[in-house]
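Examination of the molecular architecture
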Amino acid sequence: MSPLAVVPVPRSLQPSPSGPFPLASAVVSGDPDSAATLRALVEARTGLALESAGDAASGGPSIDLRIDASADAEGGTAESYRLTVEAASVVVTGADAAGLFYGVQTLVQLIARDGDAWSLPAVRIDDAPRFAYRGVMLDVARHFQPVGTVKAYIDRAAGLKFNALHLHLTDDQGWRLELRSRPKLTEFASGTSVGGDPGGFYTAEQYREIVAYAASRHMIVVPEIDMPGHTHAVGLAYPELAEAPVLSTHITDVVEAFGGGMPTAGEPYEGMAVGFSSLRIHDEATYDFVADVFGELAALTPGPYLHLGGDEALGTAPEDFALFVERASTIIADLGKTPVAWHEAGAAAGLHPDTIGQYWGFTTPTDGMDEKTRAFVRRGAQVILSPADAIYLDMKYAPDARLGLTWANGPTSVERAYAWEPADIVPGVGEADILGVEAPMWTETVRDLSDIDELAFPRIAAAAEAAWSPPAADSDLRTWESFRTRVGGLGPLWTRLGIGFQASSEIPWASE
Ligand code: TNX
């Protein structure tokens, strides 16, 4: 029997001898929020409008949705759930609201065609996440994405049991969040995107709307203000805070390959080069700015993390970089938030010790990136893994692909996105040191939701499985063969949900 099409694969999945559960006559009872989620997803998948227990009396088989902290095998692990399908009843029990939400997502993935009808296969699933932090990142700076697109991305990610949306809100090409303390940022630095495409920004109210929508799908928002590099846009609004662009040969090479012109102080940057901009490190006005920006962001963000960036600051001298990230991480910690920084910041001796590191090197570390990452752990903090040659969702699938970049070891196949083990990436950074896994979507080549879908799906499913599922050593179903078959089984669901996935030839796509 081919494995059931559940992605990420659960901790334990046992087919049961009972017959399948018929969906059409089912009656949904229990927790109202998850009942609404289930009814909406079943309708999208099958066209069936399931009855609720409150509706006209019905003797149909029941789907019962419960929250019970004592119910799971491990005694109420956060986000865990248990799911039992038998011929006459379905019971989903979450240890908490998030667990129940994930149980419902699994249930929807199990829906199968049964002749002219729809059914659920008899099964018993016990499931809980491997890592507490399961993230996707969306770069809304290189190409601004409207609120509706961000919500659609949240829905897609939540369906794969991701629980964090990292929003890359600022970069050389634009500042995308309106701040009362610094109104010039959006007035002067948000109008354009890469390639001369339109820009945009979120008002504080729109940002709150995104945060609330994410919360309704059990996701936190991790906002990133990238500093001290990636700050050309800041100079359009507050020129006194920005150094002149540092024009290395790398910049000339990128401009030659991709166009966009050389970065020029005071002019919007529409190209794809990185590492030429820097805030002024030895000017107190810079830290007034950092305090204003993160102060307002902390007040707008209920989640525990604020990301200060810190990547590719090639236009900043190393000792200046260290001084900056030490002060910025301390400002964030003093606001009562946990700082997050890209792995480069690990090199700064005085970085705030609570700072979470985000590793973006390759699955086999190069250039001392592993050492910088271990430094976070030595200070007592954890690490988020985003190995670029595996789960950078903006890489091309194949050399002739329409969208994407290739710098991370050439194109990234679905198989390569799947074939890595988090605890084996950075020597000295083991299971307990890993907060989680995050798949970034940078948007230099990505304009809209259909571009996002084409690059993210199906590789995002590999990242979800690395973040949620047990390691291969503990699960027979953590193999490429099983994964590709299970992903193929999700094709019809993704189609019904309007997800424009790449019909990769590596995956045996099911037709219904
Ligand atoms: C590297 S990885 C970047 C981004 C680019 C991305 C494109 C990292 C922390 N920074 O500035 O958008 O490559 O793939």
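Residues numbered from 1 in each chain as written. Predicted model: local features only at pLDDT ≥ 70, side-chain atom pairs only at ≥ 80, totals over all residues. Heavy atoms only, no water.

A word on the layout of surface pockets. Roughly 890 Å³ of volume is contained in the largest pocket. Along the walls of the largest pocket sit 36 residues, with His250, Val274, Glu312, Leu314 and Trp360 positioned nearest its centre. Breaking the lining of the largest pocket down by element, the ones donating at least two residues are helix H7 (249-258), helix H9 (318-334) and helix H10 (369-378). Tallying contributions element by element places H9 first for the lining of the largest pocket, with four residues. Looking at the lining of the largest pocket, its residues break down into 20 nonpolar, six polar and ten charged. (1 Å grid on protein atoms, 1.4 Å probe; cavity = no way out; pocket = protein on both sides within 12 Å on 5 of 7 lines; lining within 4 Å. Points joined across faces, edges and corners; volume = space filled by probe spheres on them. Helix = DSSP H or I, 4+ residues; strand = E, 2+ residues; numbered from the N terminus. Nonpolar A, V, L, I, M, F, W, Y, C, P; charged D, E, K, R; others polar.)

In sheet architecture, strand pairing relies on hydrogen bonds along the backbone and comes in two forms, parallel and antiparallel. Pairing is antiparallel across the open sheet formed by three strands, whose spatial order is E2-E9-E8. At either end of the open sheet lies a strand with only one pairing partner, and these are strand E2 (21-22) and strand E8 (112-114). Pairing of E2 with strand E9 (residues 117-120), which is carried by two bridges, proceeds in the antiparallel orientation. Bridge pairing in E9 links Phe21 to Leu120. (Pairing = 2+ DSSP bridges.)

Our next topic: the pattern of salt bridges. This model, assessed by the stated rule, comprises 25 salt bridges. Across the pair Arg66 and Asp64 runs a salt bridge, and its minimum N-O distance is 2.7 Å. Classification of Arg66 as partly exposed rests on a relative accessible area of 41%. With a relative accessible area of 17%, Asp64 lands in the buried category. Across the salt bridge formed by Arg130 and Glu421, the nearest N and O atoms sit 2.8 Å from each other. Of this pair, Arg130 sits in the loop between strand E10 (123-127) and strand E11 (133-139) while Glu421 is found in the loop between helix H12 (414-418) and strand E20 (434-441), placing the two residues 291 residues apart along the sequence. This pair shows no difference in class: Arg130 is buried, exactly as Glu421 is. (Salt bridge = Lys/Arg side-chain N within 4 Å of Asp/Glu carboxyl O. Buried < 20%, exposed > 50% of the residue type's maximum accessible area, 1.4 Å probe, protein only.)

A separate point is the sheet that holds strand E15 (residues 220-227). Here eight strands make up a closed barrel; going around it, the order is E11-E12-E15-E16-E17-E18-E19-E20 and the pairing parallel. Across this sheet, the average inter-strand angle for adjacent strands is 30°, counted without regard to direction. When strand E18 (residues 356-359) meets strand E19 (residues 383-385), the two strands line up parallel, connected through three bridges. Across the sheet, the residue bridging to Tyr359 is Leu385, located in E19. (Axes fitted to C-alpha atoms, helices over the stretch in contact; angles between N-to-C directions.)

This next bit is on the site of the ligand. Residues in close proximity to the ligand total 14 residues, the closest being Arg142, Tyr392, Asp394, Trp407 and Glu444. Asp311 has a polar side-chain atom sitting 2.9 Å from a nitrogen atom of the ligand. Side-chain polar atom of Trp407 to an oxygen atom of the ligand: 2.7 Å apart, as the coordinates give it. Burial of the ligand by the protein amounts to 98% of the accessible area it has alone, namely 370 Å². Most atoms of the ligand, that is more than half of them, are within 2 Å of grid points of the largest pocket. Per-class residue counts for the shell around the ligand are eight nonpolar, one polar and five charged. (Near = heavy atom within 4 Å. Polar contact = N/O pair within 3.5 Å; in protein donor to acceptor, adjacent residues only side chain to side chain. Areas by Shrake-Rupley, 256 points an atom, 1.4 Å probe, with all protein chains shown as cover. Sits in = over half its atoms within 2 Å of the grid points.)

As a measure of interface size, the accessible area lost when the parts come together is often cited. Assigned domains of the chain: these are domain 1 (12-127) and domain 2 (133-229 + 291-496). Counting from both sides, the interface comprises 13 residues of domain 1 and, opposite them, 14 residues of domain 2. Per-residue buried area on domain 1 facing domain 2 is highest for Arg45, Tyr102 and Gln109; these three make up 42% of the total on that side. Our count for the domain 1 to domain 2 interface comes out at one salt bridge. One salt bridge connects Arg134 with Glu79, and the closest N-O pair in it is separated by 2.8 Å. (Domains from an automatic or database assignment. Contact = heavy atoms within 4.5 Å. Buried area = accessible area lost by both parts, 1.4 Å probe.)

Time to look at the pairing of strand E3 (residues 27-30). Of the pairings in the sheet, the one linking E3 to strand E4 (residues 51-52) comprises two bridges and is parallel in character. For Val27, the partnering residue across the bridge sits in E4 and is Glu51. With respect to chirality, the unit in which E3 leads through helix H1 (residues 32-46) into the neighbouring parallel E4 is right-handed. (Right-handed = clockwise from strand over helix to strand, strands pointing away.)

Most often, soluble globular proteins have nonpolar side chains that are buried together. Core analysis: the biggest nonpolar cluster contains 157 residues, and Ile63, Tyr153, Leu165, Leu167 and Trp175 have the highest contact counts within it. In terms of domain composition, this core takes at least three residues from each of domain 1 (12-127) and domain 2 (133-229 + 291-496). One finds Val222, Tyr305, Val340 and Leu435 within the second-largest nonpolar core, a separate group that totals eight residues. (Core = buried A, V, L, I, M, F, W, Y, C linked by side-chain atoms within 4.5 Å.)

This part covers the packing of aromatic side chains. All chains considered together, the criterion is met by 20 aromatic pairs. Each ring, one from Tyr269 and one from Phe276, has its centre 5.0 Å from the other, and the planes form 70°; the classification is edge-to-face. In this structure Phe276 comes out as buried when scored by relative accessible area, which is 0%. An angle of 80° between the planes, with centres 5.9 Å apart, marks the rings of Trp360 and Trp407 as edge-to-face. (Phe/Tyr/Trp six-rings, centres within 6.5 Å; stacked < 30°, edge-to-face > 60°.)

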